[in-house]
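The lines below spell out each chain.
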Amino acid sequence: MAAAATDLMKSITPAKIEEWTHSDPVDWANESFAIAERAQTKYCVQHGSSCELSDPAKVQIDAAYVAASAPMVREQLQKAGVRLAHMLDSALGK
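All values reported here derive from a predicted model rather than from experimental measurement.

Now, about the overall build of the chain: what can you tell me, with residues and values included?
Counting secondary structure elements, the chain contains four helices and two strands. Reading the chain from its N end, one meets helices and strands in the order α-α-α-β-β-α. The C-alpha radius of gyration of the chain comes to 16 Å, more than 25% above the 12 Å expected for a compact globule of 94 residues. Oriented by its inertia axes, the alpha-carbon framework of the chain measures out at about 45 × 30 × 20 Å. Here the chain holds 94 residues, and 17% of them are scored as buried. In the chain, once contacts between residues fewer than 6 apart in sequence are set aside, the share between residues at least 24 apart is 56%. Total accessible area on the chain is roughly 7000 Å²; 64% of this is exposed by carbon and sulfur atoms.

Kindly report on the packing of helix α3 (residues 25-37) against helix α4 (residues 63-91), identifying the contributing residues and their values.
Two elements in contact, α3 and α4, have axes whose closest approach is 12 Å; the angle formed by their N-to-C orientations is 170°. Taken together, α3 and α4 sit at an angle that is classed as roughly antiparallel. Across the interface between the two elements, Trp28, Glu31, Ser32 and Ile35 from α3 touch Met72, Gln76, Lys79, Arg83 and Met87 from α4. Residue classes in the contact of α3 with α4 are distributed as four nonpolar, two polar and three charged.

Give me the pattern of salt bridges: which residues, what numbers.
If the charged atoms of two oppositely charged side chains come close together, the side chains can form a pair. Tallying each qualifying case throughout the model produces four salt bridges. When the shortest N-O distance is used, the salt bridge between aspartate 7 and arginine 74 registers 2.9 Å. Here aspartate 7, found in helix α1 (residues 2-10), pairs with arginine 74, found in helix α4; they are 67 residues apart in sequence, far enough to count as distant. A residue is classified by how much of its surface remains accessible, and aspartate 7, at 35% relative accessible area, is partly exposed. Arginine 74 gets classed as partly exposed once you look at its relative accessible area, which sits at 30%. Ionic pairing is found between glutamate 31 and arginine 83, a salt bridge with its closest N-O pair at 2.9 Å. Here arginine 83 lies in helix α4 and glutamate 31 lies in helix α3, a separation of 52 residues in the sequence. Of the residues examined, glutamate 31 reaches a relative accessible area of 24% and is grouped as partly exposed. We classify arginine 83 as buried; its relative accessible area is 6%. Through salt bridges with shared partners, a single ionic network connects Glu31, Glu75, Lys79 and Arg83.

Definitions and limits used
- Residues numbered from 1 in each chain as written.
- Predicted model: local features only at pLDDT ≥ 70, side-chain atom pairs only at ≥ 80, totals over all residues.
- Heavy atoms only, no water.
- Helix = DSSP H or I, 4+ residues; strand = E, 2+ residues; numbered from the N terminus.
- Rg over C-alpha atoms; globule rule 2.2 N^0.38 Å.
- Buried < 20%, exposed > 50% of the residue type's maximum accessible area, 1.4 Å probe, protein only.
- Contact = heavy atoms within 4.5 Å.
- Areas by Shrake-Rupley, 256 points an atom, 1.4 Å probe, with all protein chains shown as cover.
- Axes fitted to C-alpha atoms, helices over the stretch in contact; angles between N-to-C directions.
- Parallel < 35°, antiparallel > 145°, perpendicular 65-115°, else oblique.
- Nonpolar A, V, L, I, M, F, W, Y, C, P; charged D, E, K, R; others polar.
- Salt bridge = Lys/Arg side-chain N within 4 Å of Asp/Glu carboxyl O.

This is the structure:
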């Protein structure tokens, strides 16, 4: 677990930190929703302006799905860590 966290932290650049900390929770929710709407995520099916949940039984989480999703998952974990650290620093006056 620690090795995975270290690996994630190694590729976070100062530019990414700057970009990711200059947004608010509404932006984060919109980012997550945009990911959910992507066809390759297979979370929901777009019907006009709504996104209806897919049938979980029809989503096959195989090696190809994991490989295709890994970069996005990595980045979302990095963003979450950076944003949480920034919020805690702000709350604690650092």
